[in-house]
Amino acid sequence: MKKIILSIAVLGIISCKSSQVTLGETSKEDLSVQYANTINEEDLKKHLYILASDEYEGRGTGEAGHEKAGQYIKDFYLDHEIKSPIGGDDYFQEVPKEFLKPDLNDSFNVVAFIEGSEKPDEVLVISAHLDHIGIEDGQVFNGADDDGSGNVSILEIAEAFQKAVKDGHRPKRSIMFLHVTGEEKGLLGSKYYVDHPVEMFPISKTTANLNIDMVGRSDEAHKDDKDFVYLIGADKLSTELHNLSEKMNKKYMNINIDYTFNDENDPNRFYYRSDHYNFAKKGVPIIFYFNGVHEDYHKASDTPDKIDYKMLKRRAQLVFYTAWEIANMSNMLVVDKPIK
Ligand SMILES: [Zn+2]
């Protein structure tokens, strides 16, 4: 019954203003292109040169540098009028040291969100870990790729969605931006998050987690083909998510997607090694975006001058398109595989 009424209504519109309807549909697709294109190399570079500078002291969990980085992220959200799901200007979800490790101080995850128009209680979580190794033997571990690259990608993605909101194109469901702590100490901030999600968004209403950890470089295997990204985990819980992710890449980006590390038998076991895994364990479909390891991985030499900003932009745009689709589709992603 509903369908019939809808068709008549649509027909009516078409017969009156056929050109506008066509235009409306085309522009709905083009809209995502318009906002993806606001993600640019200059902004990514500007933020990364700050977050991965010596001043931020390698962003060690529970240390002053991490706190400073958290403040930088918070100020960005305040400046862009992107709200906190905790309320007011409190963007820090405290992670008590009892939950971390005995030698660490209290720390926090940074959270911000854009409210959905039709399904505000459902949420897509886009994450990256803000912490890194800190200072060791007097050397600052800047962590530009790991994972400064993921954090600045989120800032640009959030800004793109917020621009769409200001133009009247709010996503259907909510999108949360999550900058976790304690990753390098054992995925602790994300573990805390999934055990204590913000009140507004229980795990059961979390449709997916897109986790970005190291997307600004290339590994040895791709030194001659830098237009690539490793995707891990997309098909582990939800065939629908994998298909959607493939479709968005083919339609908008055409990046060479490498599934080498998605293989269950791959000895690196990357699927289990970043924050998305804590979501997957709770049954939330995930995608992990990753550029592989390189000679500066977990060294003090992981600096912002070595980042490929063009590829950082392209990978952030791929995440954006995937996020746009997930946030605007009619249903929450279907989980059709067992949790393991
Ligand atoms: Zn990392």
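Description of the sheet that holds strand 6 (residues 173-180)
Part 1 of the reasoning: What the 8 strands build is an open sheet, ordered 1-2-6-3-7-10-8-9; its pairing is mixed. Strand pairing shows two members of the sheet lacking a second neighbour, strand 1 (92-95) and strand 9 (256-258), which therefore form its edges. Strand-to-strand twist across the sheet, computed as the mean angle between neighbouring axes with direction ignored, equals 25°.
Part 2 of the reasoning: When strand 1 meets strand 2 (residues 107-114), the two strands line up antiparallel, connected through 4 bridges. Residue pairing for strand 2: Q93 is matched across the bridge by N109.
Part 3 of the reasoning: Where helix 3 (residues 64-79) meets the sheet, it contacts strand 1, strand 2 and strand 6, and its direction lies at approximately 10° from that of strand 2.
Part 4 of the reasoning: This element, helix 7 (residues 239-253), spans strand 8 (228-232), strand 9 and strand 10 (286-290) of the sheet and lies at about 45° to strand 10.

Some details on empty space enclosed by the protein
Part 1 of the reasoning: Counted according to the given criterion, the structure contains 2 cavities of 30 Å³ or more.
Part 2 of the reasoning: Of the volumes computed, that of the largest cavity is approximately 60 Å³.
Part 3 of the reasoning: Forming the boundary of the largest cavity are K236, F261, N262, D263, E264, D266, R269, F270, Y271 and Y272.
Part 4 of the reasoning: Tallied by class, residues from the lining of the largest cavity come to 4 nonpolar, 1 polar and 5 charged.

A few points about the coordination of the zinc ion
For a metal with four tetrahedral donors the ideal donor-metal-donor angle is 109.5 degrees, while six octahedral donors give ideal angles of 90 or 180 degrees.
Part 1 of the reasoning: Looking at the zinc ion, one finds its protein donor set to be H129 (NE2), D146 (OD), D213 (OD) and D213 (OD), positioned 2.0 to 2.6 Å from the metal centre.
Part 2 of the reasoning: In this structure, the zinc ion is surrounded by 4 donor atoms whose angles at the metal cover 54 to 153°, and the resulting shape is irregular.
Part 3 of the reasoning: Sequence spacing among the residues donating to the zinc ion works out to H-x16-D-x66-D. A residue pair is termed long-range when its members are at least 10 positions apart, and H129 in strand 3 (residues 119-129) and D146 in helix 4 (residues 144-166) qualify at 17 residues. Both residues of the pair, H129 and D146, belong to the buried class.

A word on the environment of L130
Part 1 of the reasoning: Relative to the assigned elements, L130 resides in the loop between strand 3 and strand 4 (134-136).
Part 2 of the reasoning: For the pair formed by L130 and E240, sequence separation is 110 residues and the distance between their alpha carbons is 29 Å.
Part 3 of the reasoning: Those residues in contact with L130 that lie beyond four places of it in its chain are R59, H66, A69, G70, I73, V110, N151, H179 and V180.

Some words on the pairing of strand 3
Part 1 of the reasoning: In terms of burial, strand 3 is largely enclosed, as 8 of its 11 residues are buried.
Part 2 of the reasoning: As paired strands, strand 3 and strand 6 are joined by 8 bridges and run parallel to one another. Its bridge partner lying in strand 6, S127 is registered against L178.
Part 3 of the reasoning: Summarising the sheet, strand 3 and strand 7 (residues 206-212) pair through 5 bridges and their orientation is parallel. The residue bridging L124 from the neighbouring strand is A208, located in strand 7.

The rules behind the values
Counting restarts for each chain, with residues numbered from 1 along the sequence as it is written. The predicted origin of the model limits local features to residues at a pLDDT of at least 70 and limits the giving and counting of side-chain atom pairs to 80 or more, whereas totals for whole chains, interfaces and linings rest on all residues. Only heavy atoms go into the side-chain values, all of them from the structure, while hydrogens and water stay out. Two strands pair under a simple rule: DSSP has to find at least two bridges between them. Put simply, DSSP marks the helices as runs of H or I at least four residues long and the strands as runs of E at least two long, and each gets a number from the N terminus on. Here the axes come from fitting lines to C-alpha atoms, over the contacting stretch only for helices, and the angles between their N-to-C directions go from 0 to 180 degrees. Note on contacts: a residue pair is in contact if any heavy atoms of the two residues lie within 4.5 Å. Using a grid of 1 Å spacing that covers the protein atoms alone, one calls a set of points a cavity when a 1.4 Å probe fits there but cannot get out, and a pocket when the set is open and has protein on both sides within 12 Å along at least five of seven lines; lining residues are those with an atom within 4 Å of a point. Grid points are joined across faces, edges and corners, and a volume is the space filled by probe spheres set on the points. Each residue is assigned to one class: nonpolar for Ala, Val, Leu, Ile, Met, Phe, Trp, Tyr, Cys and Pro, charged for Asp, Glu, Lys and Arg, and polar for all the others, Gly among them. Each metal site is built from N, O and S donor atoms within 2.8 Å (3.2 Å for Na, K and Ca), and since water is not included, such sites may look incomplete. Between 85 and 135 degrees for all angles marks four donors as tetrahedral; over 155 degrees for opposite donors together with 65 to 115 for all other angles marks four donors as square planar and six as octahedral; every other arrangement is irregular. Accessibility here uses a 1.4 Å probe with only protein chains present; expressed as a share of the type maximum, an area under 20% marks a residue as buried, one over 50% as exposed, and anything in between as partly exposed.

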